[in-house]
Amino acid sequence: MYQWWKRYLIKNGRYYGIKNNENATLTITSGTVKSDQYAIYNDSTNTINIAGGNISALNSNYASTKYSIYNNVTADINITGGTISCDSTYNNSYYGYGIYNNGDGNILISTPNTITVKGGYGYGIYNNGEGNVTLEEGSISVTGDILAYGIKNASKGKVEMAGGSISATSASGVAYGIENGTLGTIEITNGNITANTTEG
């Protein structure tokens, strides 16, 4: 069982649970990965496989932006088990991301387990490139004091929802189950999406 509790501080001031470097392979089947900033930071184009375990970005004042998984390149992410959580509620100006997909990799979620994000600004999945995000089952739950996004499809990517649930709740009244960029695509064949406000 893999467990990483202590803070892994790189000299540039960033905290990593796992930093997956170029050409490396990452598979998680059980255990716990925790960090104050990046639970997983990926620089490899090889597919990331998550079949179990717990991946968490911790609530603390060490960083104002926290990521459970930061995919910096075009790697695919296959999630068939485990849980992903991000807590940035230390300050309501802090940002929290379950998965930040910076490249054009594809994300497939085919597990009944969850992505949970809490913060001032909360994002379940931020899809910044041209990759596909496919939700076959499971849940994405986001609570944000200022903003809450279940999925933000910011560029030319595609969101496919064939099952599962997405919920976004914000105290300010600004919550999106899915926000689709100008050039993005959404295809929904099943599942539930809710957006709520606790204001007033």
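As the structure is a computational prediction, the values presented were derived from the model and not from experiment.

Visitor: Sorry if this is basic, but what is going on with the pairing of strand β11 (residues 107–127) here?
Guide: Successive side chains on a regular strand alternate, one facing one side of the sheet and the next facing the other. Summarising burial for β11: 15 of the 21 residues are buried, a large majority. Direction of pairing for strand β9 (residues 77–88) relative to β11: parallel, over a ladder of eight bridges. By the bridge assignment, C86 is partnered in β11 with V117. One ladder, built from six bridges, connects strand β10 (residues 95–101) with β11; its direction is parallel. Within β11, the residue paired with Y100 across the bridge is Y126. Of the strand pairs in this sheet, β11 and strand β12 (residues 132–153) are connected by 16 bridges, and their pairing is parallel. The residue bridging Y121 from the neighbouring strand is L147, located in β12.

Visitor: Help me understand unusual backbone geometry in this model?
Guide: Backbone geometry follows two general trends: most residues other than glycine have a negative phi, and most peptide bonds adopt the trans configuration. Phi is positive for N23, close to 70°, though the residue is something other than glycine. Mapped onto the elements of the fold, N23 is located in the loop between β3 (15–20) and β4 (26–28).

Visitor: Looking at this model, I keep getting lost on the pattern of salt bridges. Mind explaining?
Guide: Two side chains carrying opposite charge are able to pair once their charged atoms lie near each other. Overall, the coordinates contain five salt bridges when judged by the stated rule. A salt bridge links E179 to K152; its shortest N-O distance comes to 2.4 Å. Taken together, the residues E179 in strand β15 (residues 175–180) and K152 in strand β12 connect sequence positions 27 residues apart. For E179, a relative accessible area of 21% corresponds to the partly exposed category. E160 is paired through a salt bridge with K158; the nearest N and O atoms lie 3.8 Å apart. In this structure, a network of salt bridges that share partners links the residues K158, E160 and E187.

Visitor: What exactly am I supposed to notice about the nonpolar core here?
Guide: Generally speaking, a soluble globular protein has its nonpolar side chains buried in company with each other. Of all hydrophobic cores here, the largest spans 33 residues; its most connected members are I99 and I125. The element best represented in this core is β12, accounting for six residues. Excluding anything up to four places from it in sequence, I99 contacts I69, I77, I79, I84, I107, I115, G124, I125 and Y126. Within the second largest apolar cluster, twelve residues are counted, among which are Y38, Y67, Y126 and L147.

Visitor: Help me understand the packing of aromatic side chains, please; the structure alone is not making it clear to me.
Guide: Here a ring pair, both rings aromatic, is described through the centre-centre distance and the interplanar angle of the planes. Applying the stated criterion to the full structure yields 20 aromatic pairs. Centroid distance Y70 to Y100: 5.1 Å. Interplanar angle 5°. Geometry classified as stacked. One end of the pair, Y70, is in strand β8 (residues 65–71); the other, Y100, is in strand β10, with 30 residues separating them in the sequence. The same class applies to Y70 and to Y100, which are both buried. Taking the centre distance of 5.2 Å and the plane angle of 80° together, the rings of Y97 and Y100 count as edge-to-face. In this arrangement the basic side chain of K19 is found over the ring face of Y16, its NZ or CZ atom lying 5.9 Å from the centre.

Visitor: Sorry if this is basic, but what is going on with the side chain of Q37 here?
Guide: Here Q37 shows up in the loop between β5 (31–35) and β6 (38–42). Judged by its relative accessible area of 12%, Q37 falls in the buried class. Of the polar contacts made by the side chain of Q37, one reaches the backbone nitrogen of Y15; its length is 3.0 Å.

Conventions we followed
- Residues numbered from 1 in each chain as written.
- Predicted model: local features only at pLDDT ≥ 70, side-chain atom pairs only at ≥ 80, totals over all residues.
- Heavy atoms only, no water.
- Buried < 20%, exposed > 50% of the residue type's maximum accessible area, 1.4 Å probe, protein only.
- Helix = DSSP H or I, 4+ residues; strand = E, 2+ residues; numbered from the N terminus.
- Pairing = 2+ DSSP bridges.
- Salt bridge = Lys/Arg side-chain N within 4 Å of Asp/Glu carboxyl O.
- Core = buried A, V, L, I, M, F, W, Y, C linked by side-chain atoms within 4.5 Å.
- Contact = heavy atoms within 4.5 Å.
- Phe/Tyr/Trp six-rings, centres within 6.5 Å; stacked < 30°, edge-to-face > 60°.
- Lys NZ or Arg CZ within 6 Å of the ring centre and 35° of its normal.
- Polar contact = N/O pair within 3.5 Å; in protein donor to acceptor, adjacent residues only side chain to side chain.

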